[in-house]
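# Fold and geometry: a report
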Amino acid sequence: MTSITHRIAALFRIKANKALDRAEDPREVLDYSYEQQLQMLQKVRRGVADVATSRKRVELQVNQLRQSTGKLQDQAQQALAVGREDLAREALTRRTAVASQIADLQDQQTSLQAQEEKLTLAAQRLQAKVDSFHTRKETIKATYTAAEAQTRITEAVTGIGEELGDVGLAMQRAQDKTEQMQARAGALDELIASGALEDATLPTGRDDIQAELERVSAGQDAEIELARMKAQLSAASVPEALEGPETPKNPPDQEATS
């Protein structure tokens, strides 16, 4: 049972592949592949934009924290000036924490900058590949279209195309039917001439006896005409026989000698 199932599945795949091969248009496949590459390129560009946005946000945070460190430094100096060492210590402690945050953010900024550069380079390379694929795609499509047109022209000239093949078969059937009708018409004429069939266009009441009499009469007319022609030939040949052959005349020198 398993073997039969595998064979049925294999047969189904074969049939499906053949159907897909007949329905597949290489130009549509190339256009679809090009669209997929454009979508991929768009995603890469979107990724570059996202990384650049994150890098810019970190940069803004770093600038804000740097301003904060400057403010805390000023506050610490002001606190010392008024004798509030505790406030000055607190301001400096906060300044140290802010400086640590700035260092972390700078590390993130450096990492994001590297990612942005990599993605930008990848986008440029992918753009070059997409442009190259587009050129090849259009070339292949043009070549396929030309080959398809040449094939159709050749099929039209040789008559092996589906449309013209049907026309050729129709012409052949028409010719066969014409020859069949011609043969049938000739056979009917022979049957009518032999008397086996009656001519429906002749007056009613015509029977086979009458047809035989007319045929005999036609034969007698032919015999009478033949006898008349023979008589004319005989009459023309009698005067020639009565005149006889011409006697040759003696030459002048022979008459003088006699």
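Residues numbered from 1 in each chain as written. Predicted model: local features only at pLDDT ≥ 70, side-chain atom pairs only at ≥ 80, totals over all residues. Heavy atoms only, no water.

Turning to the packing of aromatic side chains, a few remarks are in order. In the structure shown here, the tally under the stated rule is one aromatic pair. Summarising the aromatic geometry, the rings of Tyr-34 and Phe-133 are spaced 6.5 Å apart at their centres and angled 15 degrees between planes, so their arrangement reads as stacked. With Tyr-34 in helix 2 (residues 26-81) and Phe-133 in helix 3 (residues 85-158), the pair connects residues that are 99 residues apart, well separated along the chain. On the basis of relative accessibility, which here comes to 17%, the residue Tyr-34 falls in the buried class. Taking NZ or CZ as reference, Lys-137 lies 5.1 Å from the ring centre of Tyr-34, over its face. (Phe/Tyr/Trp six-rings, centres within 6.5 Å; stacked < 30°, edge-to-face > 60°. Helix = DSSP H or I, 4+ residues; strand = E, 2+ residues; numbered from the N terminus. Buried < 20%, exposed > 50% of the residue type's maximum accessible area, 1.4 Å probe, protein only. Lys NZ or Arg CZ within 6 Å of the ring centre and 35° of its normal.)

Moving on to the side chain of Thr-69. Relative to the elements of secondary structure, Thr-69 occurs in helix 2. With residues up to four places along the chain from it excluded, the contact list for Thr-69 reads Arg-95, Val-98, Ala-99 and Ile-102. (Contact = heavy atoms within 4.5 Å.)

Let's shift gears to the nonpolar core. One broad trend across soluble globular proteins is that nonpolar side chains are buried collectively. Of all hydrophobic cores here, the largest spans nine residues; its members are Val-51, Val-58, Val-62, Leu-65, Leu-72, Val-98, Ile-102, Leu-105 and Leu-112. If one sorts the elements of this core by residue count, helix 2 sits on top with five residues. (Core = buried A, V, L, I, M, F, W, Y, C linked by side-chain atoms within 4.5 Å.)

Within the secondary structure, Arg-55 is located in helix 2. You can call Arg-55 buried: its relative accessible area is 17%. Here the side chain of Arg-55 touches Gln-113 through a polar contact of 3.2 Å, side chain to side chain. One polar contact links Arg-55 to Glu-116, side chain to side chain, over a distance of 2.5 Å. Those residues in contact with Arg-55 that sit more than four places away from it in its chain are Gln-109, Leu-112, Gln-113 and Glu-116. (Polar contact = N/O pair within 3.5 Å; in protein donor to acceptor, adjacent residues only side chain to side chain.)

Moving on: helix 3. Here helix 3 is 74 residues long and its end C-alpha atoms lie 106 Å apart, about the 110 Å a rise of 1.5 Å per residue gives. Of all the positions in helix 3, only Ala-88, Ala-91, Val-98, Ile-102, Leu-105, Leu-112, Glu-116, Ala-123, Leu-126, Val-130, Lys-137 and Lys-141 are classed as buried. Contact partners of the buried residues in helix 3: helix 2. (Expected span 1.5 Å × (residues − 1).)

Taken as a whole and judged by the stated rule, the model has twelve salt bridges. Glu-59 serves as the salt-bridge partner of Lys-56, at 3.9 Å between the closest nitrogen and oxygen. With Lys-56 and Glu-59 both in helix 2 and three residues apart, this pair spans about one turn of that helix. Taking relative accessible area as the criterion, Glu-59 reaches 24% and is therefore assigned partly exposed. One continuous salt-bridge network, built from bridges that share partners, spans Asp-31, Lys-137, Glu-138 and Lys-141. (Salt bridge = Lys/Arg side-chain N within 4 Å of Asp/Glu carboxyl O.)

Let's shift gears to helix 2. With 56 residues, helix 2 extends 83 Å from end C-alpha to end C-alpha; this agrees with the ideal 82 Å at 1.5 Å per step. Looking one or two residues past helix 2, Gly-83 carries a phi angle of roughly 80 degrees, positive in sign.

Relative orientation of the contacting elements helix 2 and helix 3 amounts to 165 degrees, with a least axis distance of 6 Å. In terms of axis orientation, helix 2 runs roughly antiparallel to helix 3. Along this stretch, helix 2 crosses helix 3, giving a crossing that reads as left-handed. Residues that form the contact of helix 2 with helix 3 fall into these classes: 33 nonpolar, 19 polar and 14 charged. (Axes fitted to C-alpha atoms, helices over the stretch in contact; angles between N-to-C directions. Parallel < 35°, antiparallel > 145°, perpendicular 65-115°, else oblique. Left-handed = near helix turned anticlockwise from the far one by under 90°. Nonpolar A, V, L, I, M, F, W, Y, C, P; charged D, E, K, R; others polar.)

What follows deals with the confidence of the model for the protein. On average, the protein scores 78 in pLDDT, and the residues at 70 or more come to 69%. Predicted confidence in the protein is weakest over helix 6 (residues 252-257), with a mean pLDDT of 46, and strongest over helix 2, with 89. Low confidence marks residues 254-258, where pLDDT is under 50. Its contacts with residues over four positions away, or in another chain, come to one contact. (pLDDT = per-residue confidence, 0-100.)

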